[in-house]
Structure formats: C-alpha cells, structure tokens
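Descriptive analysis of the structure
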Amino acid sequence: WGEGGAPDRQIVVQRGPSLESLGKHEKMCDGTAIDDVYDKVETNRLSEKRGFTRPFVLPDAEFGRVVMACVCPDYLPGSVFLMPAILTSSAKGGGLTYHGIVGGEPRQEMARRTIWSDGGSLFRLPDGRWRMYLNGFGQVMTAAEADDLFGEWRFVRDSEGRPVELLKDFPKEAHRGGCFPTVLRVSEKEWHAWITDTWPPQSIWHFWSRDGVEWHMYGRQPEITRAAVSNRGIKCLRAFCDPDTGEIVGLLSVWVQGIDGEMRWGLHLGKMPVGPPPE
C-alpha cells in the first residue's frame, strides 16, 4: 500500500522453498484494475486512491486461485467503505482478474450505509456453492453464500431472519464487535476461526466448528494477547495447514523494528496440532 495512487496499491506475492526463504515481491494486480470504486466526493469518477487490502487466497481447480480482497476508495476508517471483492487467476498462473465488489445482499447493504468489512475467508462447498465469512454487517462474524462465485450473494440467516451471528460467545460489547476475521478449513468436519478483539488490538480469539456453521470457543480464550509479546502491538493472525507435517501454521502480525531500523508489521510464525480443543 504505497504513498501514491491506485498504481501503488498492489496485491503482491513472494515465492520460495520456505517461509524463511522467500524471494522478491511479484506484482499480481494493482488498484487500477478496480472499476467500481468511485471518489467519495466526485462520485462520477473512479477514486484515484482506490486499492486492495486483507486478501485471502483459495486454490481452486476451476479458477486456479480465487482471491477475496477488500476494496476501498482510500484507506480512511470511518469515513469511507471497505467491501469484499473477488479476483481470480488462471490455473496456469499469471496475474489476477478483478471481478468487482460482491453482489447481492452485501452490496445492497452497502447502498444503505457505510460498511467497513475488514477481512474474511472464502470457500467452495462440496455441493458446488460458495460460502464467504465476513464482518462489518452488524455481527462479529457472519456468512454469505452464492450458487455462483460471481452471482448473487445471500446472507445465511437465523430462525428470525437476521444474518446469523456465528461467534455467539465472543464478548462483542466489550470489544466493539471484533475485526480481521479469518477462517481455516482443515477438512469438511473441522473448521477454525480467529478474530482480533478491537482496535488497537489487545487480544486474538480462536473458535472452532465441525461444520463451519456452529462455532465454539477453542478452549479458554483469548488465545493471544499483547502481554505474550512483551506488550508490542499485534494486529491479526492468518493460518494454513502445513502439507508436510499436517500442523496448523499461524502467521501473527507483530509491530517490530526491521533490520533497517524502521518500525513495521512483521510476521511471526507459530504451530499447533489439528483437531478439536484438548479436554
């Protein structure tokens, strides 16, 4: 996320034999690809500072990679929107193609009020439908589903017709609703989710589920606190399954001093076994 306009707001990738040996950044896409995010004042023209943040990447047999990323006209929390959008790449690799802000009910809600949806995850379900986990619509974490990746997304609703609150045990009133949700599907019968409490973050909470719909705390929570990293700033946790060991690998953003002396968000790595919480 550079200091300039849309060309500097990029999605990049680093490749290498391990997380400790990654190569240089390769540009996959930049903000100029966004064709549906307009200036908040001159609403008839695209924002010059439109860009991406919080990408989630899903390998997929049909599309190669599907990316759920949040887009905004500029990164100004509280004064502009932040909404989930879809990008894809071909199975042969290359750059990313932008398909726009998700349609259906999430976009309809955006037309009614300012939405700040700061993260989430996306999955193809066994029956071919798609499910998206996201926040910013009145719940700590909710879900929307669609028959087609580029189709009309509909909120999963509770018995009273409201978008379902998935993380019912999260202390929402104490932590202003949570931010930076991320979901990991280990298998169809094991799902994990992490969410940061508030801003500035003080803790990160871990939940798990057998079906991706009914969620419970993963043992005693919160799982990560600022106190565990000498009270340095923390931001969010992203996770994946190591294909070699089968463990869950977590990447935690911590505010650290780089080798050049500048302060920045650095990734710290931790591991844990798969499975439900220990007894």
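Values in this document were obtained by computation on a predicted structure and should not be read as measured data.

Scanning the protein for helices and strands turns up two helices and 19 strands. Over its C-alpha trace the protein gives a radius of gyration of 18 Å, about what one expects of a compact globule, namely 19 Å for 279 residues. Taking the principal axes of the C-alpha coordinates as reference, the protein spans close to 55 × 55 × 40 Å. Here the protein holds 279 residues, and 49% of them are scored as buried. Per element, the accessible surface of the protein, about 14,300 Å² overall, is 51% carbon and sulfur. For the protein, the centre of its 33 positive side-chain charges and the centre of its 38 negative side-chain charges are spaced 2 Å apart.

Counted by the stated rule, this structure contains 20 salt bridges. When the shortest N-O distance is used, the salt bridge between Asp74 and Arg9 registers 3.6 Å. Linking Asp74 in the loop between β4 (64–72) and β5 (83–90) with Arg9 in the segment before β1 (10–13), this pair joins segments that are 65 residues apart in sequence. Between Arg162 and Asp158 there is a salt bridge, with the nearest N and O atoms lying 3.3 Å from each other. Here the residues in one salt-bridge network are Asp39, Glu42, Arg45 and Glu48, joined through shared partners.

The next point concerns the sheet that holds strand β11 (residues 152–155). With mixed pairing, five strands are arranged side by side in an open sheet as β7-β11-β10-β9-β8. Taken across any chain shown, the strands that pair with only one partner, and hence form the sheet edges, are β7 (103–104) and β8 (120–124). Pairing of β8 with strand β9 (residues 130–134), which is carried by five bridges, proceeds in the antiparallel orientation. Pairing of Arg124 across the sheet is with Trp130, part of β9.

Glancing now at the environment of Pro163. Mapping Pro163 onto the fold places it in the loop between β11 and α2 (172–175). For the pair formed by Pro163 and Gly2, sequence separation is 161 residues and the distance between their alpha carbons is 35 Å. What Pro163 contacts, discounting residues up to four positions off in sequence, is Gln139, Thr142, Phe155, Val156 and Arg157.

The side chains of a regular strand alternate between the sheet's two faces. The element strand β3 (residues 51–60) is extensively covered by neighbouring structure, given that seven of its 10 residues are classed as buried. With eight bridges joining them, β3 and β4 adopt antiparallel strand pairing. Paired with Pro59 across the two strands is Arg65, which belongs to β4. In this antiparallel pair of consecutive strands, β3 and β4, the connection spans three residues.

Quick look at the state of the cysteines now. Counted by the stated rule, this structure contains zero disulfides. Take Cys29: it sits in no disulfide, and the sulfur closest to it among the cysteines is that of Cys72, at 14 Å. Given the relative accessible area of 6%, Cys29 is considered buried.

A surface patch of nonpolar side chains, amounting to about 310 Å² of accessible area, comprises Leu19, Leu22, Phe240 and Leu269. In this fold, Leu269 is placed in strand β19 (residues 263–272).

Looking at where Gly275 falls in the secondary structure, it is placed in the segment after β19. Along the primary structure Gly275 and Ile248 are separated by 27 residues, whereas in three dimensions their C-alpha atoms are 9.6 Å apart. Setting aside its immediate chain neighbours within four residues, Gly275 contacts Glu190, His192 and Tyr218.

Sheet architecture is open: three strands sit in the order β17-β18-β19, paired in antiparallel fashion. Whereas interior strands pair on both sides, the edge strands pair on one side only; in this sheet they are β17 (234–241) and β19. Looking at each pair of strands side by side, their axes are set apart by 25° on average, direction ignored. Of the pairings in the sheet, the one linking strand β18 (residues 248–257) to β19 comprises 10 bridges and is antiparallel in character. Looking across to β19, one finds that Val249 is bridged to Lys271.

Analysis parameters
- Every chain's residues receive numbers from 1 upward, in the order its sequence appears when written.
- For a predicted model such as this one, the threshold for reporting local features is a pLDDT of at least 70, and the threshold for listing and counting side-chain atom pairs is 80 or more; totals across whole chains, interfaces and linings nevertheless cover every residue.
- The side-chain numbers reported here are obtained from all heavy atoms of the structure, hydrogens and water having been left aside.
- Per the convention used, a helix needs a DSSP run of H or I reaching at least four residues, while a strand needs a run of E reaching at least two, with both numbered from the N terminus.
- As defined in this context, the radius of gyration uses C-alpha atoms, and a globule is described by 2.2 Å times the residue total to the power 0.38.
- Relative accessibility thresholds used throughout: buried, under 20% of the residue-type maximum; exposed, over 50%; partly exposed, between the two (1.4 Å probe, protein chains only).
- Each accessible area is a Shrake-Rupley result for a 1.4 Å probe, and residues are judged covered by the shown protein chains and nothing else.
- Charged-residue counts in this description rest on Lys and Arg as positive and Asp and Glu as negative, His and the chain ends being excluded.
- Throughout, a charge is located at the NZ atom of Lys, the CZ atom of Arg, the CG atom of Asp or the CD atom of Glu.
- Whenever Lys or Arg places a side-chain nitrogen within 4 Å of a carboxyl oxygen from Asp or Glu, that contact is recorded as a salt bridge.
- Any two strands are treated as partners once DSSP identifies two or more bridges connecting them.
- The contact definition used throughout considers only heavy atoms, calling two residues in contact when any of these lie within 4.5 Å.
- Pairs of cysteine sulfur atoms within 2.5 Å are what we label disulfides.
- Like-charged residues are merged into a patch within 9 Å and nonpolar side chains (Val, Leu, Ile, Met, Phe, Trp, Tyr) within 5 Å, provided each residue has over 30% relative accessible area and no salt bridge.
- Axes here mean lines fitted to C-alpha atoms, for a helix over just the part in contact, with angles spanning 0 to 180 degrees between N-to-C directions.

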